[in-house]
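Understanding the architecture of this molecule
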There are 2 protein chains.
Amino acid sequence: MTSEIDEENQVLSPQGESSEDQSEQDCSECGAKGRCLREGLGEEQMQGLRKITRTLGPFKPGENIFRVEDKFKSLFVIQSGAVKIETASFEGTKLVDGFFFRGDLVGLESIGAHQYGHDAIALERTLVCELPFDHLESLCSFVPRLQRKLMIILGQKIRYTNDTIVHGRYMSAEKRLLSFLQMLCEKKIIEKSDNTGSVQLPMSKGDIASYLGLRPESLSRTLTKLQNDGIIRNQTKKIEFLDIKAILQQVCG
Amino acid sequence: MTSEIDEENQVLSPQGESSEDQSEQDCSECGAKGRCLREGLGEEQMQGLRKITRTLGPFKPGENIFRVEDKFKSLFVIQSGAVKIETASFEGTKLVDGFFFRGDLVGLESIGAHQYGHDAIALERTLVCELPFDHLESLCSFVPRLQRKLMIILGQKIRYTNDTIVHGRYMSAEKRLLSFLQMLCEKKIIEKSDNTGSVQLPMSKGDIASYLGLRPESLSRTLTKLQNDGIIRNQTKKIEFLDIKAILQQVCG
DNA sequence: CGATCAATTGAGTGTGTTCAATGTCAGTGG
DNA sequence: CCACTGACATTGAACACACTCAATTGATCG
């Protein structure tokens with residue numbers, strides 16, 4: 001409830017830049033439309049939500065939206081761009097714990113903690129919508145559908161982690177990579193007509209490897225294998241899908 | 001499975017058995033006291049919570065509290081005993097996705113889904129307290145502290161998984177086991193005076209292995225290694241801790 | 001007591017790791 | 001414009017840790 005996010009150490013809206021609507025949120029142009037928390041709320045209910053939110057950014061690649069040990073205050077909806085969260089592992093190296101794209105909520109991982117447990121770092125030019133958690137929580141009490149929506153999102157996050165990471169421990173490097181590509185297809189695919197398409201990768205291969213629980217070298221080898229099999233074409237900042245079906249069908253292979 | 005959870009498909013209180021208080025819940029004797037959702041609620045607020053809950057069980061070892069694809073209706077607080085949840089992996093084998101002890105909430109994983117995604121199976125004689133989720137949700141709207149508590153618990157679950165399972169992928173079998181033993185210490189330790197103690201294991205070694213992402217053989221070898229190092233004494237249904245400090249300190253080793 | 005399942009032990013294999021070298025690319029400055 | 005730099009990506013060779021398969025021992029229960 002304290003200050004605007006200002007003056008402290010993080011989450012500063014890069015001054016001159018911060019986008020169009022500063023005072024009250026106009027959701028009509030938001031890139032997260034159709035995937036945001038507010039979906040399904042009536043017009044009157046949205047009023048409340050709009051009042052507590054505001055747009056931050058744009059963040060440049062590498063900039064932090066928040067840092068480990070910053071005081072936990074807000075969730076962030078990604079309006080455009082992409083974000084990763086990472087932590088120091090027990091060995092000291094950085095581990096990537098998640099990627100977030102347009103419409104995703106960043107910060108759920110820290111609900112109930114006093115501080116954020118991750119660094120949240122923009123991977124490309126990124127706009128986010130800040131939702132102060134205290135306000136959001138109060139609002140939830142008055143808007144049961146919002147409360148419900150938030151709980152559903154939390155449940156989905158738990159399940160998603162379980163299905164990918166937890167069960168991923170029993171999958172080969174190739175399967176892990178395939179299910180990652182599958183996720184990318186669903187989130188970012190450009191054109192999937194005729195079994196083909198491509199994705200611009202906002203994150204480094206090293207980040208992907210870390211997220212999948214592999215070494216960069218292992219990921220690289222696996223990528224070249226898929227390329228030799230004619231399933232993808234592997235480039236530095238881009239992956240072309242030559243056989244989308246093969247990727248989507250991998251689940252039970 | 002012809003359990004006495006019978007007829008419908010799940011979540012029915014085994015007739016003759018269900019313990020003392022059927023009509024309205026008396027929390028004063030509950031084994032989960034001090035760790036339950038209701039902690040921190042005032043007396044008037046607890047009224048509401050008591051009205052919607054009831055005790056189920058006792059479940060015998062191997063009995064289901066609910067099954068995969070049962071309709072999602074309720075969360076369950078464990079009053080006494082222990083529970084595992086498991087799913088079929090993509091290969092068909094069963095994977096253990098979690099263990100739950102006195103005071104833990106089972107079912108969070110399915111919030112927002114229509115059906116449970118796991119089998120929940122009692123590991124020993126177990127009593128649970130059923131919280132119909134619809135009622136709980138409504139109640140949350142009127143009792144902000146309850147809403148908050150539930151969100152906190154969801155956040156904690158996300159963090160716990162991240163800290164153990166996700167980061168565990170980068171740990172050796174020995175470290176995974178040690179951090180599991182650490183968890184057991186915190187949840188179930190009998191006597192930790194003078195750097196010693198022991199835990200009765202409610203689950204099989206195979207279940208532990210599955211939960212840790214290892215093969216039973218690998219776990220067994222790791223257990224014998226720790227025994228040779230003088231850190232534990234490994235028995236079939238029991239582990240003695242000969243050097244608790246070594247276990248608690250492993251985090252950064 | 002024998003039957004059944006869980007747990008342990010051994011020997012050999014394999015997938016991903018480690019370490020080291022090479023290659024690619026964007027940015028900088030002469 | 002080209003050489004230099006530094007981060008990222010790829011490739012190769014040797015290794016290690018956990019896996020696989022198989023046999024043995026140990027517990028539990030009818």
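Just so it is clear, the model here is predicted, and its values are computed rather than measured. (Residues numbered from 1 in each chain as written. Chains lettered and ligands numbered in written order. Predicted model: local features only at pLDDT ≥ 70, side-chain atom pairs only at ≥ 80, totals over all residues. Heavy atoms only, no water.)

A few points about the overall build of chain A
The following threshold applies: Elements are defined by DSSP. Helices are runs of H or I of four residues or more, strands are runs of E of two residues or more, and each kind is numbered from the N terminus. Burial classes: relative accessible area under 20% of the type maximum marks a residue as buried, over 50% as exposed, and values in between as partly exposed (1.4 Å probe, protein chains only). Note on areas: these come from Shrake-Rupley sampling with a 1.4 Å probe, and a residue is covered only by the protein chains present in the view.
Across its full length, chain A holds seven helices and 11 strands. For chain A, the proportion of its 253 residues judged to be buried stands at 55%. Accessible surface for chain A amounts to roughly 11,600 Å². Of this, 49% is attributable to carbon and sulfur atoms.

What to know about empty space enclosed by the protein
All names here are of chain A. Put simply, the rule reads: Site definitions follow a grid-based scheme: protein atoms alone, a 1 Å grid, a 1.4 Å probe that fits but cannot get out for cavities, and for pockets an open set with protein on both sides within 12 Å along at least five of seven lines, plus lining residues having an atom within 4 Å of a point. Grid points are joined across faces, edges and corners, and a volume is the space filled by probe spheres set on the points. Each domain's extent is set by a domain assignment, obtained either automatically or from a database.
Counting across every chain of the model gives four cavities of 30 Å³ or more. The computed volume of the largest cavity comes to approximately 130 Å³. Those elements that place two or more of their residues in the lining of the largest cavity are α3 (144-168), α4 (173-188) and α5 (205-212). When residues of the lining of the largest cavity are assigned to domains, at least three map to each of domain 1 (4-166) and domain 2 (171-252). Size it by volume and the second largest cavity reaches roughly 90 Å³.

A word on the domain arrangement of chain A
All names here are of chain A. We count it as follows: Contacts: residue pairs with any heavy atoms within 4.5 Å of one another. Summed over both partners, buried area is the accessible surface (1.4 Å probe) that two parts give up on being assembled. In the sections that follow, a salt bridge refers to a side-chain nitrogen of Lys or Arg positioned within 4 Å of a carboxyl oxygen of Asp or Glu. What qualifies as a polar contact is a pair of N or O atoms within 3.5 Å, subject to a donor-acceptor requirement within protein and to the restriction that residues adjacent in sequence count only when both atoms come from side chains.
Segmentation of chain A into domains returns domain 1 (4-166) and domain 2 (171-252). Each side of the interface is counted separately: domain 1 has 15 residues, and domain 2 has 11 residues. Taken together, both faces of the contact between domain 1 and domain 2 bury some 1,200 Å²; the carbon and sulfur share is 60%. For domain 1, the biggest contributors to the area lost against domain 2 are Val96, Phe99 and Phe101; these three give 46% of the whole. Taken together, the links from domain 1 to domain 2 amount to two salt bridges. With a shortest N-O distance of 2.9 Å, Asp104 and Lys187 are connected by a salt bridge. Our enumeration of links across domain 1 and domain 2 arrives at three residue pairs in polar contact (both at pLDDT 80 or more). Sorting the residues of the side of domain 1 that touches domain 2 by element identifies β4 (82-88), β5 (94-101) and α3 as the ones contributing at least two each. Considering every element that reaches the side of domain 1 that touches domain 2, the biggest residue donor is β5, with seven residues.

Some details on the sheet that holds strand β9 (residues 197-200) of chain A
Each strand in a sheet pairs with its neighbour through backbone hydrogen bonds, running either in the same direction (parallel) or in the opposite one (antiparallel). Residue and element names in this part refer to chain A. Going by this rule: For two strands to be treated as a pair, DSSP must find at least two bridges joining them. Comment: axis = line fitted to C-alpha atoms, over the contacting stretch for helices; angle = value between 0 and 180 degrees taken between N-to-C directions.
Taken in spatial order, the three strands of this open sheet run β9-β11-β10, and their pairing is antiparallel. The sheet terminates laterally at β9 and β10 (232-234), the two strands that pair on one side only. Shown here is a sheet whose adjacent strand axes are inclined to one another by a mean of 15°, direction ignored. Here four bridges tie β9 to strand β11 (residues 238-241), and the two strands are oriented antiparallel to one another. In the sheet register, Gly197 faces β11, and the bridge partner there is Phe241.

What about the interface of chain B and chain A?
Convention followed: Under this grouping Gly is polar, as are all residues other than the nonpolar Ala, Val, Leu, Ile, Met, Phe, Trp, Tyr, Cys and Pro and the charged Asp, Glu, Lys and Arg.
Listed by partner, the interface residues are 47 residues for chain B and 47 residues for chain A. Summed over both sides, the interface between chain B and chain A buries roughly 4,000 Å², with carbon and sulfur atoms accounting for 59% of that surface. Here chain B and chain A share four salt bridges between them. Where chain B meets chain A, there are 14 residue pairs in polar contact (both at pLDDT 80 or more). Of all elements in the fold, only β4 (82-88), β5 (94-101), α2 (133-142), α3 (144-168) and α5 (205-212) of chain B reach the threshold of two or more residues within the side of chain B that touches chain A. Residues of the side of chain B that touches chain A, tallied by class, amount to 23 nonpolar, 14 polar and 10 charged.

Description of the protein's contact with DNA strand D
Just so we agree on the cut-off: The cutoff for a nearby residue is simple: one of its non-hydrogen atoms must lie within 4 Å of the molecule or strand.
Around DNA strand D, 18 residues are found, and the nearest of them are Lys205, Thr224 and Asn234 of chain A together with Ala173 and Ser218 of chain B. When atoms of DNA strand D within 4 Å of the protein are sorted by moiety, sugar and phosphate together comprise 64%. Within the side chain of Asn234 of chain A, one N or O atom sits 2.7 Å away from a phosphate oxygen of DNA strand D. In the model, a phosphate oxygen of DNA strand D is placed 3.2 Å from a nitrogen or oxygen of the Arg215 of chain B main chain. Where the surface near DNA strand D is concerned, the elements lending two or more residues are α5 and α6 (216-228) of chain A together with α6 (216-228) of chain B. Sort the elements by how many residues they give to the surface near DNA strand D and α6 of chain A lands first, with four residues. Taken together, the residues of the surface near DNA strand D break down into two nonpolar, 10 polar and six charged.

Points about the UniProt feature "domain: Cyclic nucleotide-binding" (unreviewed entry) in chain A
Going by this rule: UniProt positions are given in the numbering used here, feature names are shortened, and annotations may be inferred rather than shown by experiment.
What UniProt calls "domain: Cyclic nucleotide-binding" (unreviewed entry) maps, in this numbering, to residues 37-107 of chain A. Measuring from the first to the last C-alpha atom of residues 37-107 of chain A gives 13 Å, for a span that is 14% helix and 46% strand.

Section: the pattern of salt bridges
Residues and elements named next belong to chain B. Tallied over the full model, the rule gives 22 salt bridges over all chains. When the shortest N-O distance is used, the salt bridge between Lys84 and Asp207 registers 3.1 Å. Pair noted here: Lys84 is in strand β4 and Asp207 is in helix α5, with a separation of 123 residues, a long-range link. For the residue pair Lys84 and Asp207, the accessibility class agrees, reading buried in each case.

A look at the sheet that holds strand β11 (residues 238-241) of chain B
Residue and element names in this part refer to chain B. Strand order in the open sheet made by the three strands is β9-β11-β10, with antiparallel pairing throughout. Of all strands in the sheet, those with a lone pairing partner are β9 (197-200) and β10 (232-234), marking the two edges. Shown here is a sheet whose adjacent strand axes are inclined to one another by a mean of 15°, direction ignored.

Looking at the protein's contact with DNA strand C
Neighbouring DNA strand C are 17 residues, the closest being Ala173 and Ser218 of chain A together with Lys205, Thr224 and Asn234 of chain B. At 2.5 Å from a phosphate oxygen of DNA strand C is found a main-chain nitrogen or oxygen belonging to Ala173 of chain A. Within the side chain of Glu217 of chain A, a nitrogen or oxygen atom sits 3.3 Å from a base nitrogen of DNA strand C. Going through the elements one at a time, α6 of chain A together with α5 and α6 of chain B are the ones with two or more residues in the surface near DNA strand C. Counting residues per element, the surface near DNA strand C draws most heavily on α6 of chain B, which supplies four residues. Of the residues that constitute the surface near DNA strand C, the class distribution is two nonpolar, nine polar and six charged.

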